Amino acid sequence: MARTAGRALMAAATLALLIALAGRVELGAQQPAPAAPPAPPAGAAQGGPPPGGGRGGAPKNIQVLKDVPQEQLPQTMQYIAASLGVQCNYCHVQGQPDLDDKEPKKVARDMMKMVADVNSKFFDGKERLSCASCHNGHAKPGRTPALAVEMTPAQAATAAAARGRGGPGGPGGPAAPGGRGAGPQTPAGPPVPTETVDEVIAKYVQALGGAPALQNVKTRVMTGAVTSRDLVTTSATVREKASGEYRIDIATQPIPTIRAFNGKTAWMVGGGGGGRGGPGQPPPDAPRDLAGFQLQQGLRLADLSLPLTLKTRYEGLAVNKIYDAIDGKPVVVLTGRPEPGVTEQLSFDRESGLLLRRSVTTTGVRIMALPEQVDYSDYRDAGGVKVPFTVRHATWNAVTTEKFADVKVNVPVADEVFVKPPVKP
């Protein structure tokens, strides 16, 4: 008993020191940065490529995360940035990530060592504590707990059931009617979903216009605007094919953002992760390949064929054991795995059958969870099928809202638009 208490006090003291050190880090300028392949948690960025990966070969000046595979370092940086709610230039000198000129980078190394020490001493080496445990999306960890909020009716029913309270005959209540010996009455918990995976999918397909109508859609071109997290709205066009090809063009300045997939390989232009045009680096508008986690994240919104491929797209697809709600609308939720280390929850409106949300969680070999969320709304008819005219994609460091003004199906889309262009000399 005393030993357990002593260990708890030691853990508390160590965490207090972590928080004290975290207070030394001041929030710096932020600028968008893309994500990259899986990796571990821990403190904050260090001598390695900033999120999105470096362009000059193997990263230099790695002092703490030496056991992390090189292909996992970019997502390690993404996890760290997400945990502190900052961007890569918070710790790194832009374009020269190996330099140690910034104080937050030095503090980050100490933080990572302390986190590793706590996990080693108190969690048998398992990475239960991470930078997100204390920072929770803030450069300075909060010292005041969040206020409690009212439970939903389903949560309240579950809580009452756990207490054995809530009806006549329960503890402290009047005797239950119905004769002698009537004991405490346990209230019924929240309703358990009765729908099967096939029924949920069938209702979704029917809500969109039916399988024959969806099968008839071979191409789709959507034009409208994309609003970013900093409330900048830019025109955008999406072109896609039912066979899997996808391209989005966003008229960002000074370099347009393009993300495309030709069914086998993916590439991107702009988006904050290109080269700086300096010595040994490609020009800022040079197309670059996407793979691994970057590929997965970049194609979250390529969903033309989603309704007819749900069962093949997700492994282990199953109905969640409880209903949920989104903005007051009751939803039934399916959970599946589209990729190794990725879990998605798909929430369907119980009344209409339409897909309202995809909640995505990505993990790696050692990394904690990276969350993403795609919300679909404003469904309208386009060529005989229903299409969400508003799509919101939120990650740990970016929010984009696509609002389409025009959607056309079965219009000509050339295969060439999905092919990666050559780098300009």
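Cut-offs applied
- Residues numbered from 1 in each chain as written.
- Predicted model: local features only at pLDDT ≥ 70, side-chain atom pairs only at ≥ 80, totals over all residues.
- Heavy atoms only, no water.
- Helix = DSSP H or I, 4+ residues; strand = E, 2+ residues; numbered from the N terminus.
- Buried < 20%, exposed > 50% of the residue type's maximum accessible area, 1.4 Å probe, protein only.
- Contact = heavy atoms within 4.5 Å.
- Areas by Shrake-Rupley, 256 points an atom, 1.4 Å probe, with all protein chains shown as cover.
- Phe/Tyr/Trp six-rings, centres within 6.5 Å; stacked < 30°, edge-to-face > 60°.
- Lys NZ or Arg CZ within 6 Å of the ring centre and 35° of its normal.
- Salt bridge = Lys/Arg side-chain N within 4 Å of Asp/Glu carboxyl O.
- Pairing = 2+ DSSP bridges.
- Polar contact = N/O pair within 3.5 Å; in protein donor to acceptor, adjacent residues only side chain to side chain.
- Axes fitted to C-alpha atoms, helices over the stretch in contact; angles between N-to-C directions.
- Parallel < 35°, antiparallel > 145°, perpendicular 65-115°, else oblique.
- Left-handed = near helix turned anticlockwise from the far one by under 90°.
- Arc of directions from axis to C-beta.

Take the overall build of the protein chain next. When helices and strands are counted, the protein chain shows nine helices and 14 strands. Buried residues in the protein chain amount to 43% of all 425 residues. Residue pairs in contact within the protein chain that sit at least 24 positions apart in sequence constitute 54% of those at least 6 positions apart. Carbon and sulfur atoms provide 56% of the accessible area of the protein chain, an area that totals close to 21900 Å².

On to the packing of aromatic side chains, then. Per the counting criterion, the structure on display carries one aromatic pair. When the centroid spacing of 5.1 Å and the interplanar angle of 65° are considered together, the rings of Tyr204 and Phe348 count as edge-to-face. Here the residue Tyr204 occupies a position in helix H6 (residues 197-208), and Phe348 occupies one in strand S10 (residues 342-349), the gap between them amounting to 144 residues. Across the pair, Phe348 and Tyr204 agree in class, each one buried. Against the face of Tyr323 rests Arg350, its NZ or CZ located 3.5 Å from the ring centre.

On to the pattern of salt bridges, then. All chains considered together, the criterion is met by 17 salt bridges. Across the salt bridge formed by Arg247 and Asp249, the nearest N and O atoms sit 2.8 Å from each other. On the accessibility criterion, Arg247 (13% relative accessible area) is buried. According to the relative accessible area criterion, Asp249 is buried, its value standing at 18%. We note a salt bridge from Lys408 to Asp406, for which the minimum N-O separation is 2.6 Å.

Moving on: the pairing of strand S4 (residues 257-261). Burial of S4 is extensive: five of the five residues sit out of reach of the surface. Burial of the side chains of S4 extends over both faces: Thr257, Arg259 and Phe261 are buried on one face and Ile258 and Ala260 on the other. Between the antiparallel neighbours strand S3 (residues 246-250) and S4 lie six residues. Alignment of S4 against strand S5 (residues 266-269), held across four bridges, turns out to be antiparallel. Note that in S5 the partner of Phe261 across the bridge is Ala266. Where S4 folds back onto S5 in an antiparallel hairpin, the turn is made up of four residues, including Gly263, whose phi is positive at roughly 100°.

Right, let's talk about the side chain of Lys105 for a bit. With respect to the secondary-structure elements, Lys105 resides in helix H3 (residues 103-122). On the basis of relative accessibility, which here comes to 0%, the residue Lys105 falls in the buried class. At a separation of 2.5 Å, a polar atom in the side chain of Lys105 contacts the main-chain carbonyl oxygen of Leu99.

Another point: the environment of Gln75. Mapped onto the fold, Gln75 is located in helix H2 (residues 73-84). Between the C-alpha atoms of Gln75 and Leu370, which are 295 residues apart in sequence, the distance is 9.4 Å.

Between H6 and helix H9 (residues 306-313), whose axes approach to 9 Å, the crossing angle comes to 160°. With respect to their mutual orientation, H6 and H9 come out roughly antiparallel. Regarding H6 and H9, the two cross each other, and that crossing is right-handed. Between H6 and H9, the contacting residues are Asp198, Ile201, Tyr204, Val205 and Leu208 on the first element and Leu306, Pro307, Leu308, Leu310 and Lys311 on the second.

Within H9, the full set of buried residues consists of Leu306, Pro307 and Leu310. Looking down the long axis of H9, one finds its buried residues gathered within 75° of arc, a one-sided arrangement. Structural note: H9 exposes Lys311 and Thr312 on the side pointing more than 90 degrees away from its buried face. Against H6, helix H7 (211-215), strand S7 (315-319), S10 and strand S11 (355-362) lie the buried residues of H9.

So yeah, pure geometry; function would need other evidence.
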